[in-house]
Protein chains: 2
Amino acid sequence: VSQTLDALTRAVPPETILTDPAARAALATDESKIPGDCLAVVRPVTEAQVVAVLRASAEHGFSIVPRGAGTAATGAAVSRADQVVLDLSAMNRILEIDRRDLVAVVEPGVLTGALQAAVEEQGLFYPPDPASSAISTIGGNVATCAGGLRALKYGVTRDYVLGIRAALADGSVVDLGGRNLKSVVGYDLVRLLVGSEGTLAVFLRLVLRLIPRPAAFETVLASFETVEGGLLAADALLAAGLLPRALEYLDRDVLAVVAPALGEKLGDRVQSRLLVELDGSETAVREDAGRALEVLGKAGAIEARRARTAVERDELWLARRSVSKTVRTLAPAKKSEDLGVPRSRLAEAIAAIKAAGRAEGIRVLAYGHAGDANLHVNFLYDPASPQQRAGLERAIAAARKEALARGGTISGEHGVGLLKREAMRDEVGPRALDLMRGVKRAFDPDDRLNPGKALPPHETDGD
Amino acid sequence: VSQTLDALTRAVPPETILTDPAARAALATDESKIPGDCLAVVRPVTEAQVVAVLRASAEHGFSIVPRGAGTAATGAAVSRADQVVLDLSAMNRILEIDRRDLVAVVEPGVLTGALQAAVEEQGLFYPPDPASSAISTIGGNVATCAGGLRALKYGVTRDYVLGIRAALADGSVVDLGGRNLKSVVGYDLVRLLVGSEGTLAVFLRLVLRLIPRPAAFETVLASFETVEGGLLAADALLAAGLLPRALEYLDRDVLAVVAPALGEKLGDRVQSRLLVELDGSETAVREDAGRALEVLGKAGAIEARRARTAVERDELWLARRSVSKTVRTLAPAKKSEDLGVPRSRLAEAIAAIKAAGRAEGIRVLAYGHAGDANLHVNFLYDPASPQQRAGLERAIAAARKEALARGGTISGEHGVGLLKREAMRDEVGPRALDLMRGVKRAFDPDDRLNPGKALPPHETDGD
């Protein structure tokens, strides 16, 4: 311990090192709430300080857990007592927003929402929009390939990362990619680092692709008499050639939960809702919203409303936005899975997942991104009950199996972290896991960057 | 030799093996025209046959050059006399076009143009559009991360590859990714294979992301009195919030070359032109084209025309499309580089590259994708002149240097192959090259998949 602390003290200024127990505990865990600890937290403010910490790690053999704002839902930012947390939240400068090159150059600790606001002020747009954008960092978004609400039209974080300056495990610094949307020189290490959960390198700066800011957007909310109605209507919108930037689905179970909290009396006939957001030029959006209403009507909507003002728009979004918070109040505890299935299998996957929960006596609420078929499945349970705890584990395993059986994924946008390491074996398979381990060895042969995350332990060892 | 042929004969049906000298020579080279040879060509029609060839390769130690249609400009598909060419052009089935999942599942040998046509017939759209789409395969496009004309708005090939079934060097088969736009389970091996030039794995089938087909598009051609005019107008369009799907720049030198071939008398005042293509709904496109004309006018266009019919549209594109062919006739030989620079540096990069050519007595024509700042630079020379040959090499080296000095890339969309292996050292740097070599080892430890391509030889060996 004291050797590591001595090494850190020699490497970086004392004010960047936090060792008090409260800070250590707070910064050693993430949204997963898995308890963690650490030897110390280093909160660097310069690239040179990051490099110095990595060199000290290489020399003294301690391992490092890089961290943004700690919003990971998977334990990706949970550290052990023998590790050093590298908290990048103070490296939070927007270095450049270039309107001609259509890029932003940022440090990893910038809050994604702050970046979005800064570029929008200049008439530009950074499309990825994870629900956590107000509190999560862009470095964390890149480390997990954050998805969010606008993926159907705009893609995910990886589609907007053009260049990465990264510090490697040995303390060397590489500049990968650059400012060009097109560049095909050697293997695509930029996209390989996206989603690598801090296990391959530490980000020092990121070059992000921007686009012109859409001039306008419109929001439409439609209700349906059947549970599948909202999903079929989503299909109908796409078949009509519309490409909404958001397409959110809520079924009766979820609506019944949020309605009281919103003071809404949910009509008996409403079995599902679809929230649609379109963007583009003023004229295009007005026209598209009109067409959307028409398509939704033909698809059987019993009600469809278009927000006329920003206030109305917020109202339409309120049900969707309040789900996560409201659901939390329904049971002593909840676990959330972000599963994905091909869009055509969404309805049957939701039904199967709910049935799996019922079989275990676990209440399940499912909602999510109907556009990109990423489902947020909430399992409500009482952790005080051993029976519920066991049932929960079986229900989660069954839900993952239902997703995989349909060609889906066990994580659409949260990643693996600690929580899905075993489960990922069923999705990735042993041979591809070998390849991933080979990649890890190429970047971090001594396993000092976020060890034990993002990949399952070897079956032969007990890690 | 005969041992390898025996092994192939045991592995795959005789009708899939080509050994006659003409076929061997033809299929052992690509658009680079670097002469090649091979022991044999295998043209499999099933996944099992590909696997059988890879197993034979693992057992008998011969190496393999995977190949699509041979349109690589870099020598990526050139083989040596001791290698086996794996020609995937007969695995050319479109297995599925799913309108609900918005994906196409295809074999690697499908021509990209055939795929585009098939999905458009169903109201869908595969946006990447390399100039070679009529003759190149989708597998080759993925292997090089092909760019093309629509990258500014729609991104490049990597942005549309969701899943890959691949055969590895040891003959095992992995299914990477899937049908979901969002999936973050383990490292992103899908995007790692995109652009890997056949050196990491052989593609068996590809799952491609589709979007609804835009209902309409419009084409506008504008002329400017200065060389920079066309580029500044491109900036102005983006600054006005327009996001054209194509934005092609031609300067006076290029226009002067193509005008006679097109029977056009180029006015004295025309120093550059910009070709703009917008897509979207009928209304949106009409409005956007109107705004584009307005912006182009304010940006100093001395003439701006909007195509009213398909015939007019083809006419506007004719100059752009005929450049490559016309340029070929101007000198005994030409070499083409596809350099990239940040968009804000395009004008100065073009000027510097031309100056570098002049200094060596080499005529240089530069044109390209102003939207994504990917320049096609043509060096015209006489291969019979030793002086010209030497000057050519120096001019190319200087042009690459000018691109890199501005934070650009030595290949926007063609890749490395054999031709840019040495030059890539200046862009990628030794540490990142180490990482790439580590990735190669993880996938292909015995270096049997397209050895010697896409990465520079080790400095210590003579490969």
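The rules behind the values
Note that residues are indexed from 1 along each chain, following the sequence as it is written. Chain letters start at A and ligand numbers start at 1, both assigned in the order the entries are written. For this predicted model, a pLDDT threshold of at least 70 governs which residues receive local features, and a threshold of 80 or more governs which side-chain atom pairs are given and counted, while totals over whole chains, interfaces and linings are taken from all residues. Only hydrogens and water are set aside when side-chain values are computed; all heavy atoms of the structure are taken into account. Residues reaching a pLDDT of at least 70 in both copies supply the C-alpha atoms on which the copies are superposed by least squares. Contact criterion: two residues are considered in contact whenever any of their non-hydrogen atoms come within 4.5 Å of each other. Working definition of a nonpolar core: buried Ala, Val, Leu, Ile, Met, Phe, Trp, Tyr and Cys residues. They are joined through side-chain atoms within 4.5 Å. Working definition: with a 1.4 Å probe on protein chains only, accessible area under 20% of the residue-type maximum means buried, over 50% means exposed, and in between means partly exposed. By the criteria applied, helices consist of DSSP H or I runs no shorter than four residues and strands consist of E runs no shorter than two, each listed in order from the N terminus. Any two strands with at least two DSSP bridges between them are considered paired. Note on definitions: angles span 0 to 180 degrees between N-to-C directions of axes, and those axes are lines fitted to C-alpha atoms, for helices only across the stretch in contact. Accessible area that two parts lose when put together, with a 1.4 Å probe and added across both, is what the buried area reports. For this analysis, a salt bridge means a side-chain nitrogen from Lys or Arg found within 4 Å of a carboxyl oxygen belonging to Asp or Glu. Between N or O atoms, a polar contact is any pair within 3.5 Å; within protein, one atom must be a potential hydrogen donor and the other a potential acceptor, and residues adjacent in sequence are included only when both atoms are from side chains.

Participant: Hey, could you go over the relation of the copies chain B and chain A for me, with residue numbers and the actual values?
Facilitator: Note on the chain copies: they are related by a rotation about an axis and a translation along it. Of the transformation placing chain B onto chain A, the axial shift is 0.0 Å and the rotation is 180°, giving an RMSD of 0.0 Å. Within this description, the copies of the chain are treated as partners about a two-fold rotation axis. Among all residues of chain B, the minimum C-alpha distance to the rotation axis is found for A284 of chain B, at 2.4 Å. When the interface residues of chain B are mapped onto chain A, 99% of them are again interface residues, pointing to one common binding face.

Participant: Requested: an account of the nonpolar core, with residues and values cited.
Facilitator: Judged by nonpolar contacts, the single largest core of 195 residues is most densely connected at L274, L296 and F443 of chain A together with L274, L296 and F443 of chain B. Element by element, the count of residues in this core is highest for helix α15 (residues 430–443) of chain B, at seven residues.

Participant: So what about the sheet that holds strand β4 (residues 83–87) of chain A? Which residues, and what values?
Facilitator: All names here are of chain A. Across the sheet, which stays open at both edges, the four strands sit in the order β1-β2-β4-β3 with mixed pairing between neighbours. The open sheet has two free edges, formed respectively by β1 (17–18) and β3 (63–67), since each of these has just one partner strand. With three bridges connecting them, strand β2 (residues 40–42) and β4 associate as parallel partners. Each residue of the ladder has a partner; that of A40, found in β4, is V84. The strands touched by helix α1 (residues 2–11) within the sheet are β1, β2 and β4, with β2 carrying the most contacts at an inclination of about 15°.

Participant: Which residues make up the interface of chain B and chain A, and what values do they have?
Facilitator: At the interface, 84 residues of chain B touch 83 residues of chain A. The contact between chain B and chain A buries some 6800 Å² in all, and 59% of this surface belongs to carbon and sulfur atoms. Of all residues in chain B, the largest losses of buried area upon contact with chain A belong to K182, V184 and Y187 of chain B, amounting jointly to 15% of the total for that side. Across the salt bridge formed by E413 of chain A and K182 of chain B, the nearest N and O atoms sit 3.0 Å from each other. Inspection of the region where chain B meets chain A yields 40 residue pairs in polar contact (both at pLDDT 80 or more). When residues in the side of chain B that touches chain A are grouped by element, the largest group, nine residues, is from α15 of chain B.

Participant: How would you explain the pattern of salt bridges if you had to name every residue and give the values?
Facilitator: All names here are of chain A. The tally for this structure, following the rule as stated, stands at 82 salt bridges over all chains. With a closest N to O distance of 3.7 Å, E303 and R305 form a salt bridge. A residue is classified by how much of its surface remains accessible, and R305, at 39% relative accessible area, is partly exposed. Connected via shared salt-bridge partners are K153, R245, E277, D279 and R313.

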